[in-house]
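# Chain and residue survey
Here is what each chain is made of, one letter per residue.
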Amino acid sequence: MGSYILRRVCSTVAVMAMVGIFVFLLLRLAPGDPAAMIAGKSASAEVIARIRQQMGLNDSLPVQFMRWVHDILRGDLGTSIFAGRPVLELISQRLEPTLSLSILTMILSATVGICFGIIAAWRAGGLEDRILTGFATLGFSVPVFVVGFFLIYFFAIKARWLPVQGYLPIGSGLWPWLMHLILPSVTLSIPYVAFIARITRASMLEVLSEDYMRTAAAKGASSYSMLFHHALKNAGAPILTVIGLSFAGLIGGVVITETVFNIPGAGRLVVDAINSRDYPVIQGVLVLVSGMYVLINLAIDLSYTLVDPRIRY
Amino acid sequence: MTFPSAPIETLPTGHLRVSGFSRLARRCPLVLIGGVLLAALILLALAAPLYTGDPLNIDPFKRLQPPSAEMWFGSDNLGRDVFARTVFGARISLVVGLTSATGAALAGLMIGVIAGYSRNFDSVIMRVMDGLMSIPTILLAIALISLTGPSVSILIVAITIVQLPSVSRLVRSVVISVRERPYVEASLCGGARLPKVLWRHVLPSTIPALMVQSAIVCADAILTEAGLSFLGVGVPPEIPSWGNMISSSRLYLSIAPMTVFAPGICLAVMVLAVNLLGDGLRDLFDPRSKRRR
């Protein structure tokens, strides 16, 4: 067990190092001199040279890389070229909408997806199964922004049940906050519902054909108890993995959903940073997001033993 | 909208045995539906100039017109024919989807075979792939594109790189399972050279899984292109692509919903066709999975 955790942590560090090198090189490969970008168009060569010296751009690449990593470990993600403020501060200002949207979407996708998967596996081959499997294929195929505009058109513009766009902080009341997040999170959750439902169904079908399920049926367990107590617990590990992996895609989806619904979150921050070529901000968000993804997956891998005590390392 | 591929153990490694068209239709209707739908879309896109007007023609007097006999899907905010733009937009999606799928399949095959066969390179290559995988697809593609500015070719390269990890992981897993098989060992013991063994015995067994994965990659690439164009960092804005169309028309959603819905529905239909084809191929190559699924 101990050696497994150690190996797993080591490979996580290796992956983060790869991400770090990649993201670091991204800034170096970018066209244009970062010092010239900060100095502005009309700056003289002397000013640019001084900024280069200040930023340490004259040192060798490995030295610069080590310094950059050191800064990140201290919690300094650099300074935005355009806003002139620390990247971490910019990101943390935009974090609330993004986290609200992501968490709500994950809760929605996990509950609905697992329910759909269980129903489809329980009625395998039947009408419910066909409908849900069809929905899953469709859910994979419809792009987030198309669903978003359909929902906006029918539920916000035509029916006027929900606000069209925008975001209200949770501080302004739970209900208005939720009202603004219903359409975005439903939109964003559709592909994940499809994905989680598919994996849940496959995993449940595998478990349902096990001998102990026949034993459970023979001793007279109700179908509720069979599905939830006997099957779901044993089918849990793959479902959990998939929910963890979904986070990577979720963040990409958040960028688009925030644009569709005009939510001032971290996703908008990246898109704006790219349009203005604000590389420190792009770097900072990439490092943070990838780090989160890697840590979530590490936590999930390590929690297998909790879900399924049969797994030992 | 990127997903990690399905768990590897559910993916097929069998061989393809099909005799006759009707048998294919009976065994795997999905391949047929998806294939016909995709073929129809490709034909419509290729023949676009024969039956539509100019997608770039601006007519300020016909802005945001509702659908009519002259302009089937109405016109957008610059008076351009939405039907013509939608049809021409299919070309971009198809080009991006098919080229990145082919590119990712070929490069992934090479990387996967090397990683699966050489224990020295394996851990290095796989850590690099893990690193690439842990950066969200859209952000990674955006970062790559931000280096050069938007263009169709750089978009294809970026999407191909983004898709590499899933393909090479899959190929690697198949290669690892095949390389221990008796027939591979027998052939090596018999004195066959390694490249020949790879070509004759290892490569063919990766083809079914690779084809299924290529379909998934293709669907994903089309969605990524549309998403990037929608964000304004994909195809340059003057080229009619579905993502660009939705992006430039979204302010007029309440006045002219067709300008957003027409490209949106086409996008969904195309991705659905590719996904059905992929699902069908999976069933075809691995009949076991169909019974289980």
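Residues numbered from 1 in each chain as written. Chains lettered and ligands numbered in written order. Predicted model: local features only at pLDDT ≥ 70, side-chain atom pairs only at ≥ 80, totals over all residues.

### Some thoughts on the overall build of chain B
Under the convention used in this document: Helix and strand definitions here come from DSSP, where helices need a minimum of 4 consecutive H or I residues and strands a minimum of 2 consecutive E residues; each element is numbered from the N-terminal end. Our exposure labels follow a C-beta count within 10 Å of each residue's own C-beta, placed from the backbone: buried means 20 or more other C-beta atoms, exposed means 12 or fewer, and partly exposed covers the counts in between. The contact criterion used is a C-beta to C-beta distance within 7 Å, with each C-beta placed from the backbone.
Helix and strand counts for chain B come out as 12 helices and 0 strands. Ordered by position from N to C terminus, the α and β elements of chain B give α-α-α-α-α-α-α-α-α-α-α-α. Going through the 293 residues of chain B one by one, you find that 51% of them count as buried. A separation of at least 24 residues holds for 72% of the contacts in chain B among residues at least 6 apart in sequence.

### Observations regarding the overall build of chain A
Helix and strand counts for chain A stand at 14 helices and 0 strands. In chain A, the succession of helices and strands from N to C terminus is α-α-α-α-α-α-α-α-α-α-α-α-α-α. Seen along its three principal axes, the alpha-carbon backbone of chain A occupies a region of about 85 × 60 × 35 Å. Expressed as a percentage of the 313 residues in chain A, the buried residues total 36%. Long-range pairs, those at least 24 residues apart, make up 71% of the contacts in chain A between residues at least 6 apart in sequence.

### Description of the packing of helix α7 (residues 152–179) of chain B against helix α9 (residues 194–231) of chain B
All names here are of chain B. The line we're drawing: In this analysis an axis means a line fitted to C-alpha atoms, helices contributing only their contacting stretch, and an angle means the value between N-to-C directions, from 0 to 180 degrees. Our angle categories are set so that under 35 degrees counts as roughly parallel, over 145 as roughly antiparallel, 65 to 115 as roughly perpendicular, and the remainder as oblique. What makes a crossing left-handed is the near helix being turned counterclockwise from the far one by less than a right angle; a clockwise turn instead makes it right-handed. In this classification, Asp, Glu, Lys and Arg are treated as charged, Ala, Val, Leu, Ile, Met, Phe, Trp, Tyr, Cys and Pro as nonpolar, and every other residue, Gly included, as polar.
Two elements in contact, α7 and α9, have axes whose closest approach is 9 Å; the angle formed by their N-to-C orientations is 155°. With respect to α9, the axis of α7 lies roughly antiparallel. Crossing hand, α7 versus α9: right-handed. Residues L155, I159, Q163, S166, V167, L170, V171, V174, V175, V178 and R179 of α7 form the contact with α9, whose own contacting residues are V202, S205, T206, A209, L210, Q213, V217, D220, A221, T224, E225 and L228. Tallied by class, residues from the contact of α7 with α9 come to 14 nonpolar, 6 polar and 3 charged.

### Overview of the UniProt feature "transmembrane region" (unreviewed entry) in chain A
The criterion, for reference: UniProt positions are given in the numbering used here, feature names are shortened, and annotations may be inferred rather than shown by experiment.
The positions UniProt marks with the feature "transmembrane region" (unreviewed entry) are residues 12–30, 99–122, 134–157, 177–197, 235–261 and 281–307 of chain A. Secondary structure within residues 177–197 of chain A divides into 100% helix and 0% strand; the distance between the first and last C-alpha atoms comes to 28 Å.

### Observations regarding the interface of chain A and chain B
When the parts of a complex come together, some accessible area is lost, and that lost area is often taken as the interface size. Facing 47 residues of chain A, the contacting portion of chain B comprises 43 residues. Of all elements in the fold, only α1 (2–29), α7 (127–141), α8 (144–158), α9 (174–208), α12 (236–260), α13 (266–275) and α14 (279–307) of chain A reach the threshold of two or more residues within the side of chain A that touches chain B. The residue inventory of the side of chain A that touches chain B, partitioned by class, reads 38 nonpolar, 8 polar and 1 charged.

### Some words on the UniProt feature "transmembrane region" (unreviewed entry) in chain B
UniProt records the feature "transmembrane region" (unreviewed entry) at residues 30–51, 92–117, 138–162 and 251–278 of chain B, using the numbering of this structure. As a span, residues 30–51 of chain B carries 95% helix and 0% strand, and end to end its C-alpha atoms are 30 Å apart.

### Observations concerning the environment of B:L281
Residues and elements named next belong to chain B. Its place among the elements puts L281 in helix α11 (residues 258–285). By the C-beta count within 10 Å, which is 25 here, L281 ends up buried. Remark: the alpha-carbon pair of L281 and L30, spanning 251 residues in sequence, is separated by 8.1 Å. Aside from chain neighbours lying at most four places away, what touches L281 is V31, M211, V212 and A215.

### Quick notes on the domain arrangement of chain A
All names here are of chain A. Counted only if it meets this: Each domain's extent was defined by an automatic or database domain assignment.
Structurally, chain A comprises domain 1 (2–73) and domain 2 (94–312). Domain 1 puts 12 residues into the contact, and the matching count from domain 2 is 10 residues. Taken together, the residues that form the side of domain 1 that touches domain 2 break down as 10 nonpolar, 1 polar and 1 charged.

### Here's the deal with the packing of helix α4 (residues 82–117) of chain B against α9(B)
Residues and elements named next belong to chain B. Packing of α4 against α9 leaves a shortest axis separation of 7 Å and a crossing angle of 140°. In terms of orientation, α4 and α9 fall into the oblique class. Pair α4 / α9 crosses with right-handed handedness. Note on element contacts: α9 touches α4 through L198, V202, T206, L210, S214, V217, C218, A221, I222, E225 and A226, opposite S93, V96, G97, L98, S100, A101, A104, A105, L109, V113 and Y117. Of the residues assigned to the contact of α4 with α9, the class counts are 16 nonpolar, 5 polar and 1 charged.

### Quick look at the nonpolar core
Basically, it comes down to this: Residues enter a nonpolar core if they are buried, belong to Ala, Val, Leu, Ile, Met, Phe, Trp, Tyr or Cys, and are joined to the set through C-beta atoms within 7 Å.
With 158 residues, the main nonpolar core has A:I196, A:V270, B:L139, B:I222 and B:V274 as its most contacted residues. Looking at this core, the element that brings in the most residues is α9(B), giving 17 residues. A domain-level breakdown of this core finds at least three residues from each of domain 1 (2–73) and domain 2 (94–312) of chain A. Contact partners of A:I196, with chain neighbours within four places excluded, come to A:S109, A:A110, A:G113, A:I114, A:G117, A:I239, A:V242 and A:I243.

### Observations concerning the UniProt feature "domain: ABC transmembrane type-1" (unreviewed entry) in chain B
Under the UniProt annotation, the feature "domain: ABC transmembrane type-1" (unreviewed entry) is placed at residues 90–278 of chain B. Helix makes up 83% of residues 90–278 of chain B and strand 0%, and the two end C-alpha atoms of the span are 19 Å apart.

### Some words on helix α4 (residues 61–73) of chain A
Note the following rule: Multiplying one less than the number of residues by 1.5 Å gives the expected span of a helix.
Taking 1.5 Å of rise per residue, the 13 residues of α4(A) would be expected to cover 18 Å, and the 18 Å separating its terminal C-alpha atoms lies within 8% of that figure. In the segment just after α4(A), A:G75 is the residue with positive phi, at about 90°.

### With respect to the environment of B:R80
Residues and elements named next belong to chain B. Relative to the helices and strands, R80 resides in the loop between α3 (48–51) and α4. Since 24 C-beta atoms lie within 10 Å of it, R80 is described here as buried. C-alpha of R80 to C-alpha of P60: the two residues are 20 residues apart in sequence and 8.6 Å apart in space. Not counting chain neighbours up to four residues away, the residues in contact with R80 comprise P55, L56, N57, I58, S75 and R85.

### Side note on helix α10 (residues 211–218) of chain A
Here α10(A) lies mainly on the outside; 0 of its 8 residues are buried. Taken from the residues just after α10(A), A:G220 is the one with a positive phi, measuring 90°.

### A closer look at the confidence of the model for chain B
Residues and elements named next belong to chain B. This is how the line gets drawn: Per residue, pLDDT measures the predictor's confidence, with a range of 0 to 100.
Summarising the model, chain B shows a mean pLDDT of 81, and 88% of its residues fall at 70 or more. The least confident element of chain B, judged by mean pLDDT, is helix α12 (residues 287–292) at 50; the most confident is α4 at 90. Considering only residues more than four positions removed or in separate chains, one finds that residues 1–16, a stretch of pLDDT under 50, has 47 contacts. Across the whole predicted complex the pTM is 0.84, and at the interface the ipTM reaches 0.81.

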